[in-house]
Amino acid sequence: MGYFERALLAAVVIGAGAGFVGALVVLRRRTFFAQALTHATYPGAVAAAALGLSVPFGAAVASVVIVAVVVAIARVRHQGAQVAAGIVLTGGFAAGALLQALIPGIPVRPESLLVGSILTVGDADIALAAVVLVGAVALVAAFGPRIAFSTFDPGGFRAAGFREWPVELLVLGLTAASVVSSLPAVGAILAIALIAAPAAAARAVVSTYRGVLFAAPVIGAASGVIGVLASRALAVAAGPAIALAATAFFLVALGGSQLRRLPSRRAPIPVETAEDARIA
């Protein structure tokens, strides 16, 4: 398999996995946390590159620490998940930039850690993304009803006697795994686009929970393939091209959903129809 065919395969697997997990992120309103996680894994990636280790491994170690820190800060009185995510976002990215400046001769180009390099992904990167995708699908299939209950009716979920933290920890763990597996393709900065944009696009055109879970991976995989093809045709970086393709899907889906609602907003209601409706 040539490098370009491998990049296309990676785009499909990574895009589908990011889109599937992104559906949970968007539906549970954890996009800001996902963004913080993508930036905060940067120091782990830099440290791993400096030590000659796998970049996803370093990012994975950093993500475990980050999730623990966010959960700990969020449990402090008068603090919350948004505050914790904001602190982790800026602090983590600053730590990565500092490490990059202090450690000379890093064997990996810094821009590849920030915006990815899908044309150089290896079989191990694709395997990791496949494991994340299969694991995410299996976990959602096993705990789907409880995840949906906690997502759409958190008050009722707690009133029914369920604890919310196991579901939250599961979603945070899947988010961290998706961020780590997306790093080789789109880097630390652009990973949020591949996670959030396909899911947001699916949510704009699909009205059901299961529909979003099915549509988001398809849009994510399509974004990856289109981005790789565009990078070859236009001689541009693949990571930004993939992020722009995902963003374009979201904008088209959002515009289409607004156009469908436009006639019903502008059409005047006849007096007779309004009176008949009021009588009925």
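Residues numbered from 1 in each chain as written. Predicted model: local features only at pLDDT ≥ 70, side-chain atom pairs only at ≥ 80, totals over all residues. Heavy atoms only, no water.

- Where an unreviewed UniProt entry is consulted, the protein chain appears under the name Metal ABC transporter permease, with the organism given as Agromyces binzhouensis.
- Within the UniProt record for the protein chain, the comment given under Sequence similarities (unreviewed entry) is "Belongs to the ABC-3 integral membrane protein family." (UniProt positions renumbered as here; feature names shortened; annotations may be inferred.)

1. Notes on the overall build of the protein chain
Right, on to step 1. Each helix and strand counted, the protein chain has twelve helices and zero strands in total.
Right, on to step 2. Listing each helix as α and each strand as β along the protein chain from the N terminus yields α-α-α-α-α-α-α-α-α-α-α-α.
Right, on to step 3. Residues counted as buried form 46% of the 280 residues belonging to the protein chain.
Right, on to step 4. Long-range pairs, those at least 24 residues apart, make up 76% of the contacts in the protein chain with a sequence separation of at least 6.
Right, on to step 5. With an accessible surface of roughly 13900 Å², the protein chain has 69% of that area assigned to carbon and sulfur atoms. (Helix = DSSP H or I, 4+ residues; strand = E, 2+ residues; numbered from the N terminus. Buried < 20%, exposed > 50% of the residue type's maximum accessible area, 1.4 Å probe, protein only. Contact = heavy atoms within 4.5 Å. Areas by Shrake-Rupley, 256 points an atom, 1.4 Å probe, with all protein chains shown as cover.)

2. Some details on the nonpolar core
Right, on to step 1. Of all hydrophobic cores here, the largest spans 66 residues; its most connected members are Leu24, Ile118 and Tyr209.
Right, on to step 2. Counting residues per element, the ones that place at least two in this core are α1 (3–27), α2 (31–40), α4 (55–74), α5 (81–102), α7 (123–152), α9 (165–205), α10 (209–234) and α11 (238–266).
Right, on to step 3. If you tally residues by element for this core, the top one is α9, at 20 residues.
Right, on to step 4. Apart from residues lying up to four places away in sequence, Tyr209 is in contact with Leu24, Leu27, Val140, Gly144, Ile147, Ala148 and Phe152.
Right, on to step 5. Listed in part, the twelve residues of the second largest apolar core include Ala59, Leu114, Val180 and Ala188. (Core = buried A, V, L, I, M, F, W, Y, C linked by side-chain atoms within 4.5 Å.)

3. Things to note about the layout of surface pockets
Right, on to step 1. Put simply, the second largest pocket is a space of about 260 Å³.
Right, on to step 2. As for the second largest pocket, its lining consists of 13 residues, and the residues nearest its centre are Val55, Val108, Ser112, Thr120 and Pro184.
Right, on to step 3. In terms of residue class, the lining of the second largest pocket is made up of eight nonpolar, four polar and one charged. (1 Å grid on protein atoms, 1.4 Å probe; cavity = no way out; pocket = protein on both sides within 12 Å on 5 of 7 lines; lining within 4 Å. Points joined across faces, edges and corners; volume = space filled by probe spheres on them. Nonpolar A, V, L, I, M, F, W, Y, C, P; charged D, E, K, R; others polar.)

4. Remarks on the UniProt feature "transmembrane region" (unreviewed entry) in the protein chain
Right, on to step 1. UniProt marks residues 7–27, 47–71, 83–106, 126–144, 165–183, 189–206, 213–231 and 237–256 with the feature "transmembrane region" (unreviewed entry), using the numbering shown here.
Right, on to step 2. The span residues 7–27 carries 100% helix and 0% strand; its end-to-end C-alpha distance comes to 29 Å.
Right, on to step 3. Secondary structure content for residues 189–206 is 94% helix and 0% strand, while the C-alpha to C-alpha distance between its ends is 28 Å.

5. Some words on the packing of α1 against α9
Right, on to step 1. It is the contact of α1 with α9, at a shortest axis distance of 6 Å, that shows an interaxial angle of 60°. Comparing the axis directions of α1 and α9 gives the class oblique. Of the two elements, α1 crosses α9, and the hand of that crossing is right-handed.
Right, on to step 2. When the residues that make up the contact of α1 with α9 are grouped by side-chain class, the tally is 17 nonpolar, eight polar and one charged. (Axes fitted to C-alpha atoms, helices over the stretch in contact; angles between N-to-C directions. Parallel < 35°, antiparallel > 145°, perpendicular 65-115°, else oblique. Left-handed = near helix turned anticlockwise from the far one by under 90°.)

6. So, the confidence of the model for the protein chain
Right, on to step 1. Scored by pLDDT, the protein chain has a mean of 84; 89% of the residues are at 70 or more.
Right, on to step 2. Ranking the elements of the protein chain by mean pLDDT puts helix α12 (residues 271–279) last, at 44, and α10 first, at 94. (pLDDT = per-residue confidence, 0-100.)

7. Structural notes on α2
Right, on to step 1. Of all ten residues in α2, seven are buried, a share of seventy percent or more.
Right, on to step 2. Looking at α2, one finds that the buried residues are Phe33, Ala34, Ala36, Leu37, Thr38, His39 and Ala40.

8. A short note on the packing of aromatic side chains
Right, on to step 1. Summed over the entire model, instances satisfying the criterion amount to four aromatic pairs.
Right, on to step 2. Taken together, a centroid distance of 5.7 Å and an interplanar angle of 90° make the contact between Phe152 and Tyr209 edge-to-face. Placement of the pair is Phe152 in helix α7 and Tyr209 in helix α10, with a sequence separation of 57 residues.
Right, on to step 3. Centre to centre, the rings of Phe157 and Phe162 are 5.0 Å apart; their planes meet at 25°, and the pair counts as stacked.
Right, on to step 4. Of the aromatic side chains, those joined through ring pairs into one cluster are Phe149, Phe157 and Phe162.
Right, on to step 5. In this arrangement the basic side chain of Arg232 is found over the ring face of Phe4, its NZ or CZ atom lying 4.1 Å from the centre. (Phe/Tyr/Trp six-rings, centres within 6.5 Å; stacked < 30°, edge-to-face > 60°. Lys NZ or Arg CZ within 6 Å of the ring centre and 35° of its normal.)

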